[in-house]
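The lines below spell out each chain.
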Amino acid sequence: MPPRTPLVLRRIYPVAPRDLEQAGTVSTEVRRELLALGMSPNVVRRASVICFEGEMNIVLYSHGGRVILLVKEDRVELLFSDDGPGIADVELVSQPGYSTAPDWARELGFGAGLGINNMEQNSDLFEIRSRVGEGTVVRATILLGVPFF
Ligand SMILES: Nc1ncnc2c1ncn2[C@@H]1O[C@H](COP(=O)(O)OP(=O)(O)OP(=O)(O)O)[C@@H](O)[C@H]1O
Ligand SMILES: [Mg+2]
């Protein structure tokens, strides 16, 4: 068993479904927390992008969920979990351009089908686990390279 990396920070942010008024506030908070820890602009930028896309997907497609920010000695982890409906074909929804965004979301500029791609490209480790009828968990990890703390 590899040694567990000690936790530096843990924050849990609830995300309400369809709540476009609040959409984006989690990524703003995450940015603020990481800047307060003195993280590099590059790490803060990547985490903000990942967080915004993950948060928006919970708002647009799920019954509600949460974002968990974990900062460890050597990594920043963002966990997006929701309470359904789940994703039947994770490979399909991960393809650039695939979107089931409703018209009202497209009118607001969402639905390019690039969010998951964007999350993956800004992560060092990226994983989606989903069960139809139960929910989805997305884990995005940014490795800090040289231990930060
Ligand atoms: N948490 C989720 N639960 C259920 N389905 C999801 C979830 N997140 C994403 N999806 C599905 O995956 C598709 C692709 O998501 P992705 O974020 O890549 O693009 P998008 O949200 O459609 O558009 P964009 O993010 O570019 O505005 C979504 O259209 C939706 O069908
Ligand atoms: Mg999206």
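Small disclaimer: the values here were computed from a predicted structure and weren't measured. The residue count restarts for each chain, going from 1 along the sequence in the order it is written. Labels are handed out in written order, letters beginning with A for the chains and numbers beginning with 1 for the ligands. The predicted nature of this model means local features are confined to residues of pLDDT at least 70 and side-chain atom pairs, given and counted, to a pLDDT of 80 or more, with totals for whole chains, interfaces and linings taken over all residues. Water and hydrogen atoms were dropped before computing side-chain values, which therefore reflect all heavy atoms in the structure.

## Points about the overall build of the protein
Elements are defined by DSSP. Helices are runs of H or I of four residues or more, strands are runs of E of two residues or more, and each kind is numbered from the N terminus. Within the protein one finds five helices and five strands. The helix and strand sequence of the protein, counted from the amino end, reads β-α-α-β-β-α-α-α-β-β. In terms of overall dimensions, the protein is globule-like: its C-alpha atoms have a radius of gyration of 15 Å, near the 15 Å expected for 149 residues. For the protein, the spread of C-alpha atoms along the three principal axes comes to 45 × 35 × 25 Å. Within the span of the protein, comprising 149 residues, buried residues form 42% of the whole. Every residue pair with non-hydrogen atoms within 4.5 Å of one another is taken to be in contact. Long-range pairs, those at least 24 residues apart, make up 65% of the contacts in the protein between residues at least 6 apart in sequence. For a compact globule the rule gives 2.2 Å times the number of residues to the power 0.38, and the radius of gyration it is set against comes from C-alpha atoms. The cut-offs for exposure are 20% and 50% of the maximum accessible area for each residue type, with area from a 1.4 Å probe on protein chains only; residues under the lower value are buried, those over the upper are exposed, and the others partly exposed.

## Considerations on the packing of helix α1 (residues 25-36) against helix α2 (residues 41-61)
In helix packing, the relevant descriptors are the interaxial angle and the interaxial distance, both defined with respect to the helix axes. Every angle, taken between N-to-C directions, lies between 0 and 180 degrees, and every axis is a line fitted to C-alpha atoms, over only the stretch in contact when it is a helix. Contact geometry for α1 and α2: axes closest at 8 Å, N-to-C directions at 160°. Here α1 lies roughly antiparallel to α2, going by the angle between them. Every pair of crossing elements has a handedness; the one defined by α1 and α2 is right-handed. Every residue of α2 that contacts α1 at T25, V26, S27, V30, R31, L34 and L35 is listed here: V44, A47, S48, C51, F52 and E55. Angles below 35 degrees are treated as roughly parallel, those above 145 as roughly antiparallel, those between 65 and 115 as roughly perpendicular, and all remaining angles as oblique. What makes a crossing left-handed is the near helix being turned counterclockwise from the far one by less than a right angle; a clockwise turn instead makes it right-handed.

## Considerations on a nonpolar patch on the surface
Taken together, the side chains of L20, W104 and L108 make up a nonpolar region of the molecular surface, amounting to roughly 270 Å² of accessible area. Its location among the elements puts L108 in the loop between α4 (103-106) and α5 (115-121). Each patch is built from salt-bridge-free residues with over 30% relative accessible area, joining like charges within 9 Å and nonpolar side chains (Val, Leu, Ile, Met, Phe, Trp, Tyr) within 5 Å. All accessible-area figures derive from a Shrake-Rupley calculation using a 1.4 Å probe, and residue coverage is judged against the displayed protein chains alone. By definition, a salt bridge exists where a carboxyl oxygen of Asp or Glu is found within 4 Å of a side-chain nitrogen of Lys or Arg.

## Structural notes on the sheet that holds strand β4 (residues 125-131)
DSSP-based pairing: two strands are paired if at least 2 bridges between them are found. Here five strands make up an open sheet; going across it, the order is β1-β2-β3-β5-β4 and the pairing antiparallel. The two strands at the open ends of the sheet, each matched to only one other strand, are β1 (7-15) and β4. Between one strand and the next, the sheet's axes are offset by a mean angle of 10°, whatever the strand orientation. As judged from the eight bridges shared by β1 and strand β2 (residues 65-72), these two strands associate in the antiparallel manner. Note on β2: the bridge partner recorded for P14 is R66. The sheet strands contacting α1 are β1, β2 and β3 (75-82), and the helix crosses β1 at an angle near 165°. Against the sheet, α2 touches β1, β2, β3 and β5 (135-143), its axis set at about 5° to β3.

## Remarks on the site of ligand 1
Here, proximity means that at least one heavy atom of the residue falls within 4 Å of the molecule or strand. In the vicinity of ligand 1, 18 residues are found, and the nearest of them are Y61, D82, S99, T100 and G111. Counted as a polar contact is a pair of N or O atoms within 3.5 Å, where, for protein atoms, one must be capable of donating a hydrogen and the other of accepting one, and residues adjacent in sequence contribute only when both atoms are in side chains. A distance of 2.8 Å is found between an oxygen atom of ligand 1 and a side-chain nitrogen or oxygen belonging to N57. The contact in question runs from an oxygen atom of ligand 1 to an N or O atom on the backbone of G111, over 2.8 Å. Contact with the protein chains covers 92% of the free accessible surface of ligand 1, which is 600 Å². Elements that contribute at least two residues to the shell around ligand 1 include exactly α2 and α5. Among the elements that make up the shell around ligand 1, the one with the highest residue count is α2 (three residues).

Worth remembering: the numbers are spatial, not functional.
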